[in-house]
Amino acid sequence: MELLEVKDLKVYYYSDAGLVKAVDDVGFTLGKKQTLGIVGESGSGKSTLGFSIMRLVPAPGRIVGGSIFFDQENLLLKSEDEMRKIRGRRIGMVFQDPMTSLNPLMRIGDHLVETIMRHQTATKEQAMKRAEALLERLGISKTRIDDYPHQFSGGMRQRIMIGLALALNPDIVIADEPTTSLDVIVEAQIVELMRQLKRDFESSMVLITHNMGIVAELADTVVVMYAGKMMEISDSVSLYENPLHPYTKALLRSIPNIRLTSQELTFIPGLPPDLINPPKGCRFQPRCKYAMPRCAEEEPPLIKLETTRRVACFLHGG
Amino acid sequence: MAGKIQVRSLSGFLARRLIGKGARGIEVYLAITGAVLLVVVISMTLLSPYIAPYNPIIEAGPALQPPSSQFPMGTDHLGRDVYSRVIYGSIVALEVSLISSLLSSLVGTPFGLLSGFLGGKTDRLFSIIMDSIYAFPGLILAIAIAAMMGPGVINMSIAIAVVYIPTYFRMIRGQVLSIKEELYVDAARALGARNSTILFRYIFANVIPSLVVVLSLNIADAILTEAGLSYLGLGIPPPTPDWGFDLSKGKSFLPGGYWWMITFPGLMIVIVVLGFSLLGEGLNQILNPRLRER
């Protein structure tokens, strides 16, 4: 069994406006030291998916079905107490906005020391030593351990968040849009840092992003999500060389690429669907240029193509 | 890094805000004026045995003397020195207002924290209880409780404290509700922090600046309520010097032209209340950046 196995996961938001199926029948596996990329537009359910693994779906959201097996144990059956011991210690998380993800009243050192001591029996001195070493690994001078978050730039704060997520050497790090609010140069540095640390710490990673470029650089496997549904899952090389789902194709065509000068940058017409009243049949069908009459009638199942690829589109069978 | 300022405490935090660019507006002067007034009043209270020229409860000269060099604020109907009574009167005023504000914050804050943090039925229950206290007119409620409990510093403080508990509860609860949604709270949870850690280290710590502001404004209110209770004879029994009581005595002598008996205690109440209000308002604008932007 793999390190992480998500099966038929359903996460619904019981909002006042109606039922929102934010994650609907999503499943994937993640092996040791592997990186899984989850891509999709805003509102496709990819962040909800990340929070579900931590069992931190915000109200009125609820995990209503499926299973999440982590190290052979179903996380959905764990008590809140057991989950707390897993969070931070075995599964770490990095958030989108580093500017607000650190407590403004706590020193950087306190953040690190508190996280280390929360899960491990270490003296304050030992924890402090580890915190200093960790800071140096992140490319931040250890003399700044007594500084407050507001004294750091966004990029440095994101390094610190990554350090916090990795402080206890977790098996998996969930990175939810870790570079979205950073500028391009800092983004490149953070991606490089994540690559190094992931290798050094030998941890697996779930990388949630809408940035196809970062996924290409870091991910081994890619899940493409649209409106709460999985459109395609594939190893990243095949996905980039030969995208199968029309949505994946459109996503890939909408990112700038220096090498492909001949190709025009395109966008996907229309808007993501209203998840309270999703379109009948395939959810991407109203925006899909290959749509057939059948697409509006039936929902395409995930069709297994090769060992590593599955796609939910009638163009490929079903 | 240029301009690196180590912030290690609330005073450091204040210093940073005071030195920082955005904070050099009128609010700094408000806070400083308030602080200066309070330093003067508080040192007067602490040093009252040394600076008061006469014993405030013993006849010092002829009754109802106008202000003179011998009696700077005149004497009252029993020949006591008004100046000395005004100085000693600050003891009761400050004692009662500080104790009552402390008491109501000690009760209101934990309930507000729990209510905002837990939400749901707990929140609804606490809110209903607090709203029902809030529904009473404050002074009337304080009068009722004070009348029930009898005179004395502690009893009066309790009577006033009950009135102001909902003020703290509502403010803290509102703050918790907004801070609870901050990303750093989610981040702490994702790192395996306990609820208690999140509540104290992450939420309460960030509520403290607002608490300080409300405390300061509340002390001003409490002084007024204390004066009101004493004025009505529900305060400290005579002959202990008390501004509110002296006001009510002075009132009956005002028609005879003895203006000094009521003016000076009244002026002191105004000064102390102004001091706490200015400090509170100044701090509020300094500590609350959202308010400052307006």
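All values derive from a computational prediction rather than experimental measurement. (Residues numbered from 1 in each chain as written. Chains lettered and ligands numbered in written order. Predicted model: local features only at pLDDT ≥ 70, side-chain atom pairs only at ≥ 80, totals over all residues.)

Draft legend 1. Expanded view of the sheet that holds strand β11 (residues 303–304) of chain A. All names here are of chain A. Strands sit in the order β6-β7-β8-β3-β9-β10-β12-β11 across an open sheet of eight strands; the sheet is mixed. The sheet is open, and its two borders are formed by β6 (91–94) and β11, each paired with just one other strand. The pairing of strand β3 (residues 35–39) with strand β9 (residues 221–226) spans four bridges and is parallel. In the sheet register, I38 faces β9, and the bridge partner there is V223. Its contacts with the sheet place helix α5 (residues 154–166) against β6 and β7 (172–176), and it is angled at close to 170° to β6. (Pairing = 2+ DSSP bridges. Helix = DSSP H or I, 4+ residues; strand = E, 2+ residues; numbered from the N terminus. Contact = placed C-beta atoms within 7 Å. Axes fitted to C-alpha atoms, helices over the stretch in contact; angles between N-to-C directions.)

Draft legend 2. Up close: helix α9 (residues 246–253) of chain A. Within the sequence span of α9(A), burial applies to A:P246, A:Y247, A:T248 and A:L251. The secondary structure elements touched by the buried residues of α9(A) are β3, α7 (212–218), β9, β10 (229–235) and α8 (236–241) of chain A. (Buried ≥ 20, exposed ≤ 12 C-beta atoms within 10 Å, placed from the backbone.)

Draft legend 3. Examining helix α6 (residues 138–149) of chain B more closely. Residues and elements named next belong to chain B. The terminal C-alpha atoms of α6, which comprises 12 residues, lie 16 Å apart, in line with the 16 Å expected from a rise of 1.5 Å per residue. Within the sequence span of α6, burial applies to A142, I145 and A146. Along α6, the residues classed as buried sweep out an arc of 100° about the axis, all on the same side. Pointing more than 90 degrees away from the buried face of α6 are the exposed residues I140 and M148. Of the surrounding secondary structure, the elements contacted by the buried residues of α6 are α7 (153–179) and α9 (195–231). (Expected span 1.5 Å × (residues − 1). Arc of directions from axis to C-beta.)

Draft legend 4. View of the interface of chain B and chain A. The interface is formed by 18 residues belonging to chain B together with 22 residues belonging to chain A. For the side of chain B that touches chain A, the secondary structure elements donating two or more residues are α8 (183–190) and α9 of chain B. When residues in the side of chain B that touches chain A are grouped by element, the largest group, six residues, is from α8(B). Residues that form the side of chain B that touches chain A fall into these classes: 10 nonpolar, two polar and six charged. (Nonpolar A, V, L, I, M, F, W, Y, C, P; charged D, E, K, R; others polar.)

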